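Examining the three-dimensional arrangement
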Protein chains: 2
Amino acid sequence: MNNIPKPTKTELAILNIMWQISPATVRQIHEEIIKNGKTSYTTTLKMLQVMHQKGLVSRNSEHKAHIYEPAMSKKETQRQMLDDLKNRLFGGSISSLVLQALGSNAKTNQSELDEIKALLEKVEQDSI
Amino acid sequence: MNNIPKPTKTELAILNIMWQISPATVRQIHEEIIKNGKTSYTTTLKMLQVMHQKGLVSRNSEHKAHIYEPAMSKKETQRQMLDDLKNRLFGGSISSLVLQALGSNAKTNQSELDEIKALLEKVEQDSI
DNA sequence: TACAATATACGAGAAACTTCGTTAAACACT
DNA sequence: AGTGTTTAACGAAGTTTCTCGTATATTGTA
């Protein structure tokens, strides 16, 4: 019922902008979008209308120019999409996903590694 | 030129089967598919034809029944899709992705954790 | 050889996603 | 009020993805 669908490629691009500048009008979002590639204003508008219809964004229609906001935080969306990928390509195993992610990318800086290690300790505590 | 596209949702479901049982005929793959849901044989056939056209699978047409194989290993596909998700939702940061993955899922068993820690050590060595 | 079974090829339709033009309403300014 | 600007709504066309029926070719066998 209240289930928000996984955003499509284009919808995700719009959400990425909105997590930075929302609450925002269609105009403001569109200004950001056209910084990398041309699109009509009405295309952006239509996307937001469809996203609102799907429940991906909420909006305030009090003013002439509606004000939009993402329905989910970036973190929640990250969790949702990671979970989806985990189930569809990693047999449901998050550790398999993490191993692959770390293994295929060696250039991770020290503070990030420390952060990961710290979190790992915490996860270890919880799981014992 | 030689670039293999990211598989779609349905294509990925087929690839998951193929990584288990390929090389295989359409018939064999289709038998697996219908174990969870009904689909026509020709649908499976068409999917494989399109996937071959896209370069997602290779095939041997010597025999009457063509024999199909994935063009990419599961590992390579995992890397490709993880990379895509990283770029589209994690600002290109793999550690941010890993943190989110570990944080949102506490039920990871000890041997998996050990494996992750070992890999982390190795990554740390390389990056110094 | 003729018939049945099994395979491929192909195109058409359905569904989801994306783009954009047209229309009408709200607003701002002289 | 009248004109020009900005906005929302809507529908339609283009694209990609998925599903399936029909036609055709190959193989095996009575």
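Use the structure listed above.
Right, let's walk through the structure included here. (Residues numbered from 1 in each chain as written. Chains lettered and ligands numbered in written order. Predicted model: local features only at pLDDT ≥ 70, side-chain atom pairs only at ≥ 80, totals over all residues. Heavy atoms only, no water.)

All names here are of chain B. Interaxial distance between helix α1 (residues 9-21) and helix α4 (residues 74-89) falls to 11 Å at its minimum, and their mutual angle equals 150°. Classified by the angle between their axes, α1 and α4 sit roughly antiparallel to one another. Residues Leu 12, Asn 16 and Trp 19 of α1 pack against Lys 74, Thr 77 and Met 81 of α4. Partitioned by chemical class, the residues of the contact of α1 with α4 number three nonpolar, two polar and one charged. (Axes fitted to C-alpha atoms, helices over the stretch in contact; angles between N-to-C directions. Helix = DSSP H or I, 4+ residues; strand = E, 2+ residues; numbered from the N terminus. Parallel < 35°, antiparallel > 145°, perpendicular 65-115°, else oblique. Contact = heavy atoms within 4.5 Å. Nonpolar A, V, L, I, M, F, W, Y, C, P; charged D, E, K, R; others polar.)

Another point: the protein's contact with DNA strand D. DNA strand D sits among 22 residues. The nearest are A:Arg27, A:Tyr41, A:Lys64, B:Thr8 and B:Thr10. Among the atoms of DNA strand D close to the protein, meaning within 4 Å, 66% are from sugar or phosphate groups. Taking A:Lys64, its side chain carries an N or O atom lying 2.5 Å from a base oxygen of DNA strand D. Between DNA strand D and A:His66, the relevant distance is 3.1 Å, taken from a phosphate oxygen to a main-chain nitrogen or oxygen of the residue. Breaking the surface near DNA strand D down by element, the ones donating at least two residues are α2 (26-33) and α3 (41-54) of chain A together with α1 and α3 (41-54) of chain B. (Near = heavy atom within 4 Å. Polar contact = N/O pair within 3.5 Å; in protein donor to acceptor, adjacent residues only side chain to side chain.)

This next bit is on the relation of the copies chain A and chain B. Of the transformation placing chain A onto chain B, the axial shift is 0.0 Å and the rotation is 180°, giving an RMSD of 0.1 Å. Viewed as a symmetry operation, the transformation between the two copies matches a two-fold axis. Residues of chain A ranked by C-alpha distance from the rotation axis are headed by A:Val98, positioned 2.9 Å from it. (Least-squares fit on C-alpha atoms with pLDDT ≥ 70 in both.)

Per the counting criterion, the structure on display carries zero aromatic pairs over all chains. Lying across the ring of A:Tyr41, A:Arg27 places its NZ or CZ 4.2 Å from the centre. (Phe/Tyr/Trp six-rings, centres within 6.5 Å; stacked < 30°, edge-to-face > 60°. Lys NZ or Arg CZ within 6 Å of the ring centre and 35° of its normal.)

Another point: the layout of surface pockets. In this model, the largest pocket occupies a volume close to 320 Å³. Every residue lining the largest pocket is counted, 16 residues in all, and those nearest its centre are A:Lys6, A:Arg88, B:Lys6, B:Met81 and B:Arg88. Sorting the residues of the lining of the largest pocket by element identifies α4 (74-89) of chain A together with α4 of chain B as the ones contributing at least two each. Taken together, the residues of the lining of the largest pocket sort by class into six nonpolar, two polar and eight charged. Its volume calculated, the second largest pocket comes out at about 270 Å³. In this structure, the second largest pocket is lined by 13 residues; those nearest its centre are A:Ala13, A:Ile14, A:Ile17, A:Ile33 and A:Asn36. Within the residue set of the lining of the second largest pocket, elements represented by two or more residues are α1 (9-21), α2 and α3 of chain A. For the lining of the second largest pocket, the element with the most residues is α1(A), which contributes six residues. Taken together, the residues that form the lining of the second largest pocket break down as five nonpolar, seven polar and one charged. (1 Å grid on protein atoms, 1.4 Å probe; cavity = no way out; pocket = protein on both sides within 12 Å on 5 of 7 lines; lining within 4 Å. Points joined across faces, edges and corners; volume = space filled by probe spheres on them.)

Quick look at the interface of chain A and chain B now. Facing 43 residues of chain A, the contacting portion of chain B comprises 43 residues. Counting the surface lost from both chain A and chain B, the interface buries some 4,400 Å², and carbon and sulfur atoms represent 69% of this. Put simply, chain A and chain B have zero salt bridges between them. Our enumeration of links across chain A and chain B arrives at four residue pairs in polar contact (both at pLDDT 80 or more). Those elements that provide at least two residues to the side of chain A that touches chain B are α1, α4, α5 (94-103) and α6 (110-127) of chain A. For the side of chain A that touches chain B, the leading source of residues is α6(A), giving 12 residues. (Buried area = accessible area lost by both parts, 1.4 Å probe. Salt bridge = Lys/Arg side-chain N within 4 Å of Asp/Glu carboxyl O.)

Turning our attention to the nonpolar core. Judged by nonpolar contacts, the single largest core of 34 residues is most densely connected at A:Leu97, A:Leu102 and B:Leu102. Contributing elements (two or more residues each) for this core: α4, α5 and α6 of chain A together with α4, α5 (94-103) and α6 (110-127) of chain B. Not counting residues within four places of it along the chain, the set of residues in contact with B:Leu102 comprises A:Val98, A:Ile116, A:Leu119, A:Leu120, A:Val123 and B:Ile116. (Core = buried A, V, L, I, M, F, W, Y, C linked by side-chain atoms within 4.5 Å. Buried < 20%, exposed > 50% of the residue type's maximum accessible area, 1.4 Å probe, protein only.)

With that settled, consider the protein's contact with DNA strand C. Around DNA strand C, the structure places 21 residues, and the nearest of them are A:Thr8, A:Thr10, B:Arg27, B:Tyr41 and B:Lys64. For DNA strand C, the fraction of protein-proximal atoms (within 4 Å) that sit in sugar or phosphate groups is 65%. Within the side chain of A:Thr10, an N or O atom sits 2.9 Å from a phosphate oxygen of DNA strand C. The backbone of A:Ser40 places a nitrogen or oxygen atom 3.2 Å from a phosphate oxygen of DNA strand C. Residue assignment for the surface near DNA strand C shows that the elements contributing at least two residues are α3 of chain A together with α2 (26-33) and α3 of chain B. A breakdown of the residues in the surface near DNA strand C according to their chemical character gives five nonpolar, nine polar and seven charged.

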